[in-house]
Amino acid sequence: MTKTVHLIKLSVGTDSVEDLAAWQASQAARGRDGCPRHVTRMWPKREAEVLAGGSIFWVIKGLVQCRQPIVGLNRVTGEDGTSRCALVLEPGLIRVTATPKRPFQGWRYLDPADAPRDLPKNRAHEDALPPELAGALAEIGVI
């Protein structure tokens, strides 16, 4: 049985979960199958583990705020002729407990034991706290 591993990535230029959702709803972000994609330079060496139930956790404004299951990996060629990896994502964002995360380059693997928990279903559609407040509350262990 293959162990699961997640990815974590900064959502650069995104101010909120709603901004990320709006981008992913655009034609530019979707493949022919309607699933959003995120193209990255590096192909995950732990491909089988990522595809065994892994998600991408999105860091927005210094906080891990949501995730999306990864349903596939596609090879794509960039405009410069370089082979890249398109992460095929399940449509829709799943909000998670806001967790502070310092900036980093590219994506990283995230062990499931270290991944923020999904918000309970009854809280998934609450208005998000301002990032600064959510970060401060997360740092002191309130959320």
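Scope of this entry: the structure provided in the associated data block. Computed from a predicted model, the values in this text were never measured in an experiment.

Analysis parameters
Residues numbered from 1 in each chain as written. Predicted model: local features only at pLDDT ≥ 70, side-chain atom pairs only at ≥ 80, totals over all residues. Heavy atoms only, no water. Core = buried A, V, L, I, M, F, W, Y, C linked by side-chain atoms within 4.5 Å. Buried < 20%, exposed > 50% of the residue type's maximum accessible area, 1.4 Å probe, protein only. Helix = DSSP H or I, 4+ residues; strand = E, 2+ residues; numbered from the N terminus. Contact = heavy atoms within 4.5 Å. Salt bridge = Lys/Arg side-chain N within 4 Å of Asp/Glu carboxyl O. Phe/Tyr/Trp six-rings, centres within 6.5 Å; stacked < 30°, edge-to-face > 60°. Lys NZ or Arg CZ within 6 Å of the ring centre and 35° of its normal.

Description of the nonpolar core
Nonpolar side chains tend to gather and get buried jointly when the protein is soluble and globular. Judged by nonpolar contacts, the single largest core of 15 residues is most densely connected at L7, I56, W58, I70 and L87. Those elements that provide at least two residues to this core are α1 (17–25), β3 (55–60), β4 (63–77) and β5 (83–89). Those residues in contact with L7 that sit more than four places away from it in its chain are V50, S55, I56, F57, I70, L87, W107, R108, Y109 and L110. L10, V59, V64 and L110 belong to the second largest nonpolar core, which has nine residues in total.

Focus on the pattern of salt bridges
A full pass over the atoms with the stated rule returns seven salt bridges. Linking D33 and R37 is a salt bridge whose minimum nitrogen-to-oxygen distance equals 3.0 Å. Using a relative accessible area of 23% as the deciding quantity, one classes R37 as partly exposed. Of the charged contacts, one joins R67 and D118 as a salt bridge, the two residues approaching to 2.7 Å between their closest N and O atoms. With R67 in strand β4 and D118 in the loop between β7 (107–110) and α3 (131–139), the pair connects residues that are 51 residues apart, well separated along the chain. What makes R67 buried here is its relative accessible area of 16%.

Examining the packing of aromatic side chains
Applying the stated criterion across every chain, the model contains one aromatic pair. With centroids separated by 5.1 Å and ring planes inclined at 80 degrees, the aromatic side chains of W107 and Y109 adopt a geometry described as edge-to-face. For W107, a relative accessible area of 13% corresponds to the buried category. Given the relative accessible area of 30%, Y109 is considered partly exposed. A cation over an aromatic ring shows up here: R75 above the ring of W43, its NZ or CZ 4.1 Å from the ring centre.

Description of unusual backbone geometry
Positive phi values are uncommon outside glycine, yet K61 reaches one of about 55 degrees. Inspection of the secondary structure puts K61 in the loop between β3 and β4.

Quick notes on the environment of V50
Position of V50 among the secondary structure elements: in helix α2 (residues 47–50). A relative accessible area of 0% places V50 in the buried class. The spacing of V50 and V71 is 21 residues in sequence and 9.0 Å in space, taken between C-alpha atoms. Every residue in contact with V50, bar those within four places of it in the chain, is listed here: V5, L7, P44, I70 and Y109.

Read these as layout, nothing more, since geometry by itself doesn't imply function.
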